[in-house]
Amino acid sequence: NFTPQNEQLIFSTGRQLFTLSYEGEISKISLPFADNMVQPTFHPDGKKLLMIKGPYDSDIVLMPLNQITETSPLTQEKQTQSQQIQTYSSFERSIKGEDYALFQPGGELIAFWSKRSGDQQLWISDGNGSRQLTHFPLDTSIRGIDWAADGKSLLVNANGVLSQVFLDSGQKTFLFEHPVARLFQWDSENNSALLIAR
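Scoring rules and cut-offs
- Residues numbered from 1 in each chain as written.
- Predicted model: local features only at pLDDT ≥ 70, side-chain atom pairs only at ≥ 80, totals over all residues.
- Heavy atoms only, no water.
- Helix = DSSP H or I, 4+ residues; strand = E, 2+ residues; numbered from the N terminus.
- Buried < 20%, exposed > 50% of the residue type's maximum accessible area, 1.4 Å probe, protein only.
- Contact = heavy atoms within 4.5 Å.
- Areas by Shrake-Rupley, 256 points an atom, 1.4 Å probe, with all protein chains shown as cover.
- Pairing = 2+ DSSP bridges.
- Axes fitted to C-alpha atoms, helices over the stretch in contact; angles between N-to-C directions.
- Polar contact = N/O pair within 3.5 Å; in protein donor to acceptor, adjacent residues only side chain to side chain.
- Patch = residues over 30% accessible without salt bridge, like charges linked within 9 Å, V, L, I, M, F, W, Y side chains within 5 Å.
- Salt bridge = Lys/Arg side-chain N within 4 Å of Asp/Glu carboxyl O.
- Core = buried A, V, L, I, M, F, W, Y, C linked by side-chain atoms within 4.5 Å.

Novice: What's the story with the overall build of the chain in this structure? I'm lost.
Specialist: If you tally the helices and strands in the chain, you get one helix and 17 strands. Taking all 198 residues of the chain together, the buried fraction comes to 30%. Across the chain, the fraction of contacts at a sequence separation of at least 24, relative to all contacts at a separation of at least 6, is 34%. About 13,100 Å² of surface is accessible on the chain, with carbon and sulfur atoms providing 52% of the total.

So this is what it looks like as structure tokens:
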């Protein structure tokens, strides 16, 4: 975002705030916060700054499809306020965000990313407990995961880099000429991936 000083911009990595000059120089802004901070915007007078501070909380829900009833817009309009809205318990719950959950092919595990350790990391769960598979650096952004066909590893797009992560936490990085904006699918048997690259 723009700052009141014409020679620089301001941006957030999610936890840290920085200035960026038009010459490409980056400087960290020291703040007395440990929480996440996003979308910094200056007041026109240059003396105030608005930003969203604090964690974003989302959960993963495991729900049998037979619990879903098909409803049309007309049916929804006829529902009364006295009717109970069915709620579902979280499969994975923390006070941080969880997302991108995927079933393991031919297995019982579920892979997902979570910010429960402070940064987006890859986790797996067997339904009775979960464990962290990755230890990516501070302010990592995961944009897509997919299981290998044999269920023994996952392909992860972390900070624009593709890494194969094995169930023992070992990793293999795939060097690519351009940053990966989003990973959609991985065909591990044919060694190809569907993605958006910049």
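Novice: Would you mind going over the sheet that holds strand β8 (residues 98-103) with me for this structure?
Specialist: Strand pairing in a sheet relies on backbone hydrogen bonds. The paired strands run either parallel or antiparallel. Strand order in the open sheet made by the four strands is β8-β9-β10-β11, with antiparallel pairing throughout. Looking at the sheet topology across the chains shown, the edges are occupied by β8 and β11 (130-132). Looking at each pair of strands side by side, their axes are set apart by 25° on average, direction ignored. Across five bridges, the pairing between strand β9 (residues 110-114) and strand β10 (residues 121-125) is antiparallel. From the neighbouring strand, Ala111 faces β10, where its bridge partner is Ile124.

Novice: Please explain the environment of Gln104 as it appears in this structure.
Specialist: For Gln104, the position within the fold is in the loop between β8 and β9. Once residues lying within four places of it in the same chain are set aside, the contact partners of Gln104 are Leu109, Trp147, Gly151 and Leu167. One polar contact links the side chain of Gln104 to the main-chain amide nitrogen of Glu108, over a distance of 3.3 Å.

Novice: What am I meant to see in the sheet that holds strand β1 (residues 8-12) here?
Specialist: Spatial strand order, β1-β2-β3: three strands in an open sheet with antiparallel pairing. Bordering the open sheet on either side are β1 and β3 (26-29), each of which pairs with just one other strand. On average, each strand axis in the sheet is tilted by 30° relative to the strand beside it, whichever way the strands run. For strand β2 (residues 17-21) and β3, the ladder comprises four bridges, and the chain directions are antiparallel. Within the sheet, the bridge partner assigned to Phe18 lies in β3 and is Lys28.

Novice: How should I be thinking about a nonpolar patch on the surface in this particular structure?
Specialist: Taken together, the side chains of Phe184, Leu194 and Ile196 present a nonpolar region at the surface, about 270 Å² in accessible area. Mapped onto the fold, Leu194 is located in strand β17 (residues 192-197).

Novice: Looking at this model, I keep getting lost on the nonpolar core. Mind explaining?
Specialist: General note: in soluble globular proteins, nonpolar side chains tend to be found buried as a group. With 14 residues, the main nonpolar core has Ala111, Leu122, Ile142 and Val156 as its most contacted residues. Those elements that place two or more of their residues in this core are β9, β10, β12 (142-147) and β13 (153-158). Apart from the residues lying within four places of it in its own chain, the contact partners of Ile142 are Tyr100, Trp113, Gln120, Gln121, Leu122, Phe136, Val156, Asn157 and Ala158. In terms of nonpolar packing, the next biggest core, distinct from the first, is built from six residues, Ala148, Leu162, Val180 and Trp186 among them.

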